[in-house]
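In case you want the letters, here they are:
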Number of protein chains: 2
Amino acid sequence: MDQLRETLKGHHLRTTTCREDVLSAFINKKNALSHGDLEGALGESYDRVTIYRTLKTFLEKGIIHKVLDDEGLRYALCSQQCSEEKHQHDHIHFKCNACGKTNCLENSHIPNIALPQGYQPASFNLLIQGTCPECVAE
Amino acid sequence: MDQLRETLKGHHLRTTTCREDVLSAFINKKNALSHGDLEGALGESYDRVTIYRTLKTFLEKGIIHKVLDDEGLRYALCSQQCSEEKHQHDHIHFKCNACGKTNCLENSHIPNIALPQGYQPASFNLLIQGTCPECVAE
DNA sequence: AAATATTTTGCAACAGTGTTGCATTTAATA
DNA sequence: TATTAAATGCAACACTGTTGCAAAATATTT
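Cut-offs and rules
Residues numbered from 1 in each chain as written. Chains lettered and ligands numbered in written order. Predicted model: local features only at pLDDT ≥ 70, side-chain atom pairs only at ≥ 80, totals over all residues. Heavy atoms only, no water. Near = heavy atom within 4 Å. Polar contact = N/O pair within 3.5 Å; in protein donor to acceptor, adjacent residues only side chain to side chain. Helix = DSSP H or I, 4+ residues; strand = E, 2+ residues; numbered from the N terminus. Nonpolar A, V, L, I, M, F, W, Y, C, P; charged D, E, K, R; others polar. Contact = heavy atoms within 4.5 Å. Buried area = accessible area lost by both parts, 1.4 Å probe. Salt bridge = Lys/Arg side-chain N within 4 Å of Asp/Glu carboxyl O. Core = buried A, V, L, I, M, F, W, Y, C linked by side-chain atoms within 4.5 Å. Buried < 20%, exposed > 50% of the residue type's maximum accessible area, 1.4 Å probe, protein only.

Trainee: For this particular structure, what's the right way to read the protein's contact with DNA strand C?
Mentor: Surveying the vicinity of DNA strand C reveals 18 residues, the closest of which are Y52 of chain A together with T16, R19, T50 and R53 of chain B. Expressed as a percentage, the sugar and phosphate content of the atoms of DNA strand C within 4 Å of the protein is 60%. Measuring from a base nitrogen of DNA strand C, one finds a side-chain N or O atom of R14 of chain A at 3.2 Å. A distance of 3.4 Å separates a base oxygen of DNA strand C from a polar atom in the side chain of R53 of chain A. Every element with two or more residues in the surface near DNA strand C is listed here: α4 (48-61) of chain A together with α2 (17-28) and α4 (48-61) of chain B. When grouped by side-chain class, the residues that make up the surface near DNA strand C number 5 nonpolar, 5 polar and 8 charged.

Here it is in structure tokens:
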């Protein structure tokens, strides 16, 4: 449980029960979570606004990153060490159309891509939709 | 101007001024447009709801496709011929962090990507963020 | 050209998502 | 334990997107 406090401290954040619970939710559920998912998971414990602010803070500090799919915005833990200064995310997000879960493929990398003249890329975001191993098995 | 009517007819849609104006906006502006962009461009001519429904219809008929970036949802013309039955989009979307515009790189293709065992991909969506040629030049 | 059937539109109302200001409470520090 | 600074809860609001229904417009038939 002190793991949570350490992570928060490591990112220069005060320890609060809300932050511990949100962080804990991200660690337990493996897949990306939306604000609504968190509201559901944490019940009535915290105000909606507090959860929004917690997500915003976690984003800024590099604890989580945004994950986009056609249904909207979700968040997932940063596996690589990210900080306020530097976010590094060139891995792939996979959304299963069967179970609806989105997660990060940790050991994947987006290959080099030849862009037309003049385009200067800074960050890459690849979402693949399809069927995940668990749903393929059924 | 009959171009518009033809396109609509080709997708089995009735010709209405709203549909013509929305389609026209997509053709004139080259970049991806959000619902809000269209509301701005079309002024008070049409009800918000009508624009939402027009976008939904265009999506279903394969006239436009969704483009996701970190700010939310936009739409862009399908360059390849899409229909109600089949959407085919493996091109790349580029968002310029300087001018804020997102567009499709028409001659680009997402390369083959090796997924971990068991994942069955169906569709790919790659967003690259950076600086576009026009903004690099400045 | 007028009548009909069908689709589309505008309006009202609503649900969901996200933000801001401010007073109160809580966490860290001295 | 007292002080300081940050985080929370509440109220209010703006934005985004959806649904039901009556009125209007389109395409079709006569």
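Trainee: Explain the interface of chain B and chain A to me, please; I cannot follow it from the model alone.
Mentor: Interfaces are often sized by the amount of accessible area the parts lose when they come together. Listed by partner, the interface residues are 31 residues for chain B and 30 residues for chain A. Together chain B and chain A conceal approximately 2,600 Å² of surface at their shared face, both sides included; 68% is due to carbon and sulfur atoms. Summed over the three residues of chain B that lose the most area to chain A, namely L68, Y119 and Q120 of chain B, the buried surface amounts to 19% of that side. Where chain B packs against chain A, one counts 0 salt bridges.

Trainee: Looking at this model, I keep getting lost on the protein's contact with DNA strand D. Mind explaining?
Mentor: In the vicinity of DNA strand D there are 18 residues, among which R19, T50 and R53 of chain A together with R14 and Y52 of chain B approach most closely. Counting only atoms of DNA strand D within 4 Å of the protein, the sugar-phosphate share comes to 61%. Contact distances for DNA strand D include 3.0 Å between a phosphate oxygen and a side-chain N or O atom of T16 of chain A. Listing elements by their share of the surface near DNA strand D, those giving two or more residues are α2 (17-28) and α4 of chain A together with α4 of chain B. Here the surface near DNA strand D gets 5 residues from one element, more than from any other, and that element is α4 of chain B. Residues belonging to the surface near DNA strand D are distributed by class as follows: 5 nonpolar, 5 polar and 8 charged.

Trainee: Help me understand the nonpolar core, please; the structure alone is not making it clear to me.
Mentor: With 21 residues, the main nonpolar core has I92, F94, L126 and C132 of chain A together with I92 and L126 of chain B as its most contacted residues. Listed by contribution, the elements that provide at least two residues to this core are β3 (92-96) and β5 (120-131) of chain A together with β3 (92-96) and β5 (120-131) of chain B.

Trainee: How should I be thinking about the environment of L77 of chain A in this particular structure?
Mentor: Residue and element names in this part refer to chain A. Inspection of the secondary structure assignment puts L77 in strand β2 (residues 72-77). Each C-alpha atom, one on L77 and one on C104, is 9.0 Å from the other, the two residues being 27 residues apart in sequence. Not counting the four nearest positions on each side in its chain, L77 is found in contact with L23, F26, I27, I63, I64 and H65.

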